[in-house]
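Summary of the model geometry
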Number of protein chains: 2
Amino acid sequence: MELEEAKAKFIQAWGTLGSSWGINRTMSQIHALLIVSVDPLTTEEIMDQLKISRGNANMNVRALMDWGLITKELVPGERKEYFQAGKDIWQVARQIAKERKRREVEPILEVLDQVKEVKGTGAEVDEFNRMMGELEDFTGKADTTLDKFIRSDENWFYKTLLTLMK
Amino acid sequence: MELEEAKAKFIQAWGTLGSSWGINRTMSQIHALLIVSVDPLTTEEIMDQLKISRGNANMNVRALMDWGLITKELVPGERKEYFQAGKDIWQVARQIAKERKRREVEPILEVLDQVKEVKGTGAEVDEFNRMMGELEDFTGKADTTLDKFIRSDENWFYKTLLTLMK
DNA sequence: TTAAACTTTCAAATATTTCTGAAAATAAAT
DNA sequence: ATTTATTTTCAGAAATATTTGAAAGTTTAA
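Residues numbered from 1 in each chain as written. Chains lettered and ligands numbered in written order. Predicted model: local features only at pLDDT ≥ 70, side-chain atom pairs only at ≥ 80, totals over all residues. Heavy atoms only, no water.

Bringing the protein's contact with DNA strand C into the picture now. Residues in contact with DNA strand C amount to 15 residues; listed here are only the nearest, N58, R79 and E81 of chain A together with T26 and S53 of chain B. Expressed as a percentage, the sugar and phosphate content of the atoms of DNA strand C within 4 Å of the protein is 65%. In the environment of DNA strand C, a phosphate oxygen lies 2.7 Å from a nitrogen or oxygen atom belonging to the backbone of S53 of chain B. Residue assignment for the surface near DNA strand C shows that the elements contributing at least two residues are α4 (54-66) of chain A together with α4 (54-66) of chain B. By residue number, the principal contributor to the surface near DNA strand C is α4 of chain A, which donates four residues. (Near = heavy atom within 4 Å. Polar contact = N/O pair within 3.5 Å; in protein donor to acceptor, adjacent residues only side chain to side chain. Helix = DSSP H or I, 4+ residues; strand = E, 2+ residues; numbered from the N terminus.)

The next thing to look at is the sheet that holds strand β2 (residues 70-74) of chain A. Overall, antiparallel pairing links the three strands, which are arranged β1-β3-β2 (chain A) in an open sheet. A single partner strand is all that each edge strand has here, and the edge strands are β1 (41-42) and β2 of chain A. (Pairing = 2+ DSSP bridges.)

Attention now goes to the relation of the copies chain A and chain B. In screw terms, the move from chain A to chain B is a rotation of 180 degrees and a rise of 0.0 Å along the axis, fitting with an RMSD of 0.1 Å. Interpreted geometrically, this transformation is the action of a two-fold axis. A shared binding surface is used by both copies, with 100% of the interface residues of chain A retained as interface residues in chain B. (Least-squares fit on C-alpha atoms with pLDDT ≥ 70 in both. Contact = heavy atoms within 4.5 Å.)

Time to look at the protein's contact with DNA strand D. In the vicinity of DNA strand D lie 16 residues, with T26 and S53 of chain A together with N58, R79 and E81 of chain B positioned nearest. With respect to DNA strand D, the backbone of S53 of chain A contributes an N or O atom lying 2.7 Å from a phosphate oxygen. Contributions of two or more residues to the surface near DNA strand D are made by α4 of chain A together with α4 of chain B. With four residues, the single largest contributor to the surface near DNA strand D is α4 of chain B. Taken together, the residues of the surface near DNA strand D sort by class into two nonpolar, seven polar and seven charged. (Nonpolar A, V, L, I, M, F, W, Y, C, P; charged D, E, K, R; others polar.)

What follows concerns the domain arrangement of chain A. All names here are of chain A. When the domains of chain A are assigned, the result is domain 1 (3-85) and domain 2 (89-165). The distance between the C-alpha centroids of domain 1 and domain 2 comes to 30 Å. The interface is formed by seven residues belonging to domain 1 together with six residues belonging to domain 2. Across the domain 1 to domain 2 interface the summed buried area is about 660 Å²; carbon plus sulfur atoms make up 66%. Among the residues domain 1 hides against domain 2, the three largest losses belong to W21, W67 and L69. Together they make up 67% of the total. Linking domain 1 to domain 2 there are zero salt bridges. Run the count over domain 1 and domain 2 and you get two residue pairs in polar contact (both at pLDDT 80 or more). Looking at the side of domain 1 that touches domain 2 residue by residue, the class counts come to four nonpolar, two polar and one charged. (Domains from an automatic or database assignment. Buried area = accessible area lost by both parts, 1.4 Å probe. Salt bridge = Lys/Arg side-chain N within 4 Å of Asp/Glu carboxyl O.)

For the rest of this paragraph, the subject is the layout of surface pockets. Approximately 170 Å³ is the volume attributed to the second largest pocket. Around the second largest pocket, the lining residues are K9, Q12, A13, T16, L17 and S20 of chain A together with R103, E104, P107, I108 and V111 of chain B. Where the lining of the second largest pocket is concerned, the elements lending two or more residues are α1 (3-20) of chain A together with α5 (89-114) of chain B. With six residues, α1 of chain A is the largest single contributor of residues to the lining of the second largest pocket. In terms of residue class, the lining of the second largest pocket is built from five nonpolar, three polar and three charged. (1 Å grid on protein atoms, 1.4 Å probe; cavity = no way out; pocket = protein on both sides within 12 Å on 5 of 7 lines; lining within 4 Å. Points joined across faces, edges and corners; volume = space filled by probe spheres on them.)

Moving on: the sheet that holds strand β2 (residues 70-74) of chain B. Residues and elements named next belong to chain B. Taken in spatial order, the three strands of this open sheet run β1-β3-β2, and their pairing is antiparallel. Each edge of the open sheet is held by one strand with a lone partner, namely β1 (41-42) and β2. As paired strands, β1 and strand β3 (residues 81-85) are joined by two bridges and run antiparallel to one another. Across the sheet, T42 pairs through a bridge with Y82, a residue of β3. Contacting β1, β2 and β3, helix α2 (residues 25-35) runs over the sheet at an angle of about 85 degrees to β3. (Axes fitted to C-alpha atoms, helices over the stretch in contact; angles between N-to-C directions.)

So this is what it looks like as structure tokens:
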């Protein structure tokens, strides 16, 4: 397979994966494009390569910066802004875990906390409280594990995986 | 908080969580509704409680059955179908992990396999191959870990978490 | 200054996803 | 066989999400 074909295939697949995880397609594609680019790219180059408008490129590049997945590189003597993706895949995974935890796990923990201990008696109430308790327990454990992963270095995680897989 | 208010809050929160993970809101809400219902519900009851149409209810109940998250219960002497959610939260998590692995992790592994070993030389090609290699390594590890989790019993996972959290 | 290069914004257009409701299909009872 | 109960389907409607592109904003250079 030729390089250009392989790149296109990867960008396309990454975009699809992103959208099935609630991340918009273009954002994932820009990320993929920057991951496979040796040098940083300008907004113009991103627009050209992905055939998208300036507004779209700008908006998604900013979203990627918010997620901490790409950085703005200032090339001396150049006015244009260049963008570069973090290339360490473990760091990328940790960064994504961090953002999703903050945006999604934490809100559900808050709700579970709020609905805990419903007034009244009866099977319905008992069942509800038991279920919410289990869910909070589970979600809390997931949260703690994510924290550990987010703080970990690659080596720690690798060792842990070896343990898990033994 | 009253039971009905708490249920509504949970159903709403679960729906929102679902949609940020690429699962449609109604599907998540039906799942939540069945999780907090002591007894199985009919399509009619689901429609009433969530204020949704028959078509919508039917389609999402089937999707939940495809995911293995709810089952059809046949009540003797009744013609209507009743639906019930699995109440063991670890089992629910394992089932979701299983489906998402099949639908999302496996396709990306296939693509990574396809784009591996691009022809040609130069920094671009080397960088691309290195990056795809890292990604495949990472994704493969995630895949293996998911497998382990899917096959695990609650007790195994609980013990592992304790180890991770020590 | 003024002009040129570049970035950001946002209202409207487009695309995608989800939902409705009535009709068709199926299954059970009479 | 006919009626009644229930489920499924699916075309069109509605709701959401994404994208465009042109205008406004900003920064740097001359």
